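Structural overview
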Amino acid sequence: TFPDVEMYFLPIQCQHCEDPECVKVCPTQASHVTEDGTVQIDQDKCIGCKYCMAACPYQVRYQVESGEVQKCTFCHHRTSVGLPCGFSM
């Protein structure tokens, strides 16, 4: 109750969906599911069309100045070589 009001920010990361809509709509297959089940973006294939941004039910994708779309990779650069994810809860 006012004036004792609290505010929380709850960031939502990519949920690495089992059947991701973002992958289905990608015209270049830049968005794809890897063997470990995570959803990744091949930056070399991304044309910045933003279809995946529109399809994502969690709205976690964003476009950078260079035009590519990015999102949480679930530390794929670490987990693909056997290291733990750098994200902690």
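Residues numbered from 1 in each chain as written. Predicted model: local features only at pLDDT ≥ 70, side-chain atom pairs only at ≥ 80, totals over all residues. Heavy atoms only, no water.

**What about empty space enclosed by the protein?**
Under the counting rule described, the total for this entry stands at two cavities of 30 Å³ or more. Of the volumes computed, that of the largest cavity is approximately 90 Å³. A per-class count over the lining of the largest cavity returns nine nonpolar, two polar and three charged. Quantified by volume, the second largest cavity comes out at close to 70 Å³. Together, 13 residues line the second largest cavity, and Cys26, Ala30, Cys46, Cys49 and Cys52 are the ones closest to its centre. (1 Å grid on protein atoms, 1.4 Å probe; cavity = no way out; pocket = protein on both sides within 12 Å on 5 of 7 lines; lining within 4 Å. Points joined across faces, edges and corners; volume = space filled by probe spheres on them. Nonpolar A, V, L, I, M, F, W, Y, C, P; charged D, E, K, R; others polar.)

**Description of the confidence of the model for the protein**
Mean pLDDT over the protein stands at 90; residues scoring 70 or higher make up 97%. Across the protein, the secondary-structure element scoring lowest on mean pLDDT is helix α3 (residues 76-79), at 82, and the one scoring highest is helix α1 (residues 21-25), at 98. (pLDDT = per-residue confidence, 0-100. Helix = DSSP H or I, 4+ residues; strand = E, 2+ residues; numbered from the N terminus.)

**So, the side chain of Ser31**
Along the chain, Ser31 turns up in strand β1 (residues 31-33). Judged by relative accessible area, Ser31 falls into the buried class, the value being 3%. Reaching out from Ser31, the side chain makes a polar contact with the side chain of Arg61 at a distance of 2.9 Å. For Ser31, the residues in contact, after removing those within four places along its chain, are Cys22, Val23, Cys26, Gln40, Ile41, Cys52 and Arg61. (Buried < 20%, exposed > 50% of the residue type's maximum accessible area, 1.4 Å probe, protein only. Polar contact = N/O pair within 3.5 Å; in protein donor to acceptor, adjacent residues only side chain to side chain. Contact = heavy atoms within 4.5 Å.)

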